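Residues per chain, in single letters:
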Amino acid sequence: MFQNIKVVKVTPVAGKDREAFALSYLVQWVEGSLVKKKGVTIQRLDIPCGEGDIRPLVRNLRMLSFYIHALVMSSKTLKKEDVDDDGGGGVVDVSISFDASTNIT
């Protein structure tokens, strides 16, 4: 009955692949929420990506994307030349870092 079952070893995303996943996931969520913006560039993502289960990392990335979205939408620093004819904004550069001494991103 179970002769066709094969053992498949599943390992979590780790190392540089995990960092690449975190960056692409964050960019996807931020760009998806800022439809009228020309572009959002994440210059640096320096946060602990953890090990093992990816769900806590995804939860933190979704929280960060919401925070970035709120900051960009409330920003009064966009110049007139950075605004499209339809009212959308220009390019926004974002840098995210983690302070290990205070445990704050």
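See above for the structure.
These lines cover the structure that appears in this document, whether it is placed above or below. Position numbers for residues start from 1 in each chain and track the written sequence from start to end. For a predicted model such as this one, the threshold for reporting local features is a pLDDT of at least 70, and the threshold for listing and counting side-chain atom pairs is 80 or more; totals across whole chains, interfaces and linings nevertheless cover every residue. Where side-chain values are given, they derive from all heavy atoms of the structure, hydrogens and water being excluded.

1. Focus: the packing of aromatic side chains
In this description, a pair of aromatic rings is defined by centroid distance and the angle of the planes. Quick note on the threshold: Under the pairing criterion, centres of Phe, Tyr and Trp rings, with the six-membered ring standing for Trp, must be within 6.5 Å; the plane angle then separates stacked pairs below 30 degrees from edge-to-face pairs above 60, leaving the rest tilted. Helix and strand definitions follow DSSP, with helices as H or I runs of at least four residues and strands as E runs of at least two, each counted in order from the N terminus.
Across all of its chains, the model carries two aromatic pairs by this definition. Ring centres of F21 and Y25 lie 5.5 Å apart, and the angle between their planes is 35 degrees; on these two criteria the pair is classed as tilted. You can see F21 and its partner Y25 sitting in helix α1 (residues 15–33), four residues apart, about one turn around the helix. Taking the centre distance of 6.1 Å and the plane angle of 45 degrees together, the rings of Y25 and W29 count as tilted. Separated by four residues within a single helix, Y25 and W29 lie in helix α1, roughly one turn from each other. An aromatic cluster of three or more residues is present, and its members are F21, Y25 and W29.

2. Some remarks on the environment of V13
Quick reminder of the rule: Throughout, exposure labels follow a simple rule: accessible area from a 1.4 Å probe, protein chains only, divided by the maximum for the residue type, with under 20% read as buried, over 50% as exposed, and the rest as partly exposed.
Residue placement: V13 occurs in the segment before α1. Using a relative accessible area of 36% as the deciding quantity, one classes V13 as partly exposed.

3. A short note on the packing of α1 against helix α2 (residues 55–74)
How two helices sit against one another is set out by the angle between their axes and by the gap between those axes. What counts here: For helices, the axis comes from a line fit to the C-alpha atoms of the stretch in contact; other axes are also lines fit to C-alpha atoms, and the angle between any two N-to-C directions lies between 0 and 180 degrees. Here is the rule for handedness: rotate from the far helix to the near one, and if that takes an anticlockwise turn smaller than a right angle the crossing is left-handed, while a clockwise turn gives right-handed. Only heavy atoms matter for contacts: two residues are in contact if any of them lie within 4.5 Å across the pair. Classes in brief: Ala, Val, Leu, Ile, Met, Phe, Trp, Tyr, Cys and Pro nonpolar; Asp, Glu, Lys and Arg charged; the others, Gly included, polar.
With their axes 9 Å apart at the nearest point, α1 and α2 run at an angle of 40 degrees to one another. Between α1 and α2 lies a crossing of right-handed hand. Here α1 contributes R18, F21, A22, Y25, L26, W29, V30 and S33 to the contact with α2, which in turn contributes L57, V58, L61, R62, L64, S65, I68 and H69. Across the contact of α1 with α2, the residue classes break down as 11 nonpolar, three polar and two charged.

4. Quick notes on the nonpolar core
Rules: Residues belong to a common nonpolar core when they are buried Ala, Val, Leu, Ile, Met, Phe, Trp, Tyr or Cys residues joined through side-chain atoms within 4.5 Å.
Of all hydrophobic cores here, the largest spans 15 residues; its most connected members are L26, I47, L57, L61, I68 and I96. Counting only elements with at least two residues in this core, the list comes to α1, α2 and β2 (91–97). For this core, the element with the most residues is α2, which contributes six residues.

5. Some remarks on the side chain of S65
The following threshold applies: Identification of polar contacts relies on pairs of N or O atoms within 3.5 Å, with a donor-acceptor requirement for protein atoms, meaning one able to donate a hydrogen and the other able to accept it, and with residues adjacent in sequence counted only if both atoms are side-chain atoms.
When you line up the elements, S65 lands in helix α2. In terms of polar contacts, S65 uses its side chain to reach the backbone carbonyl oxygen of R62, at 2.8 Å.

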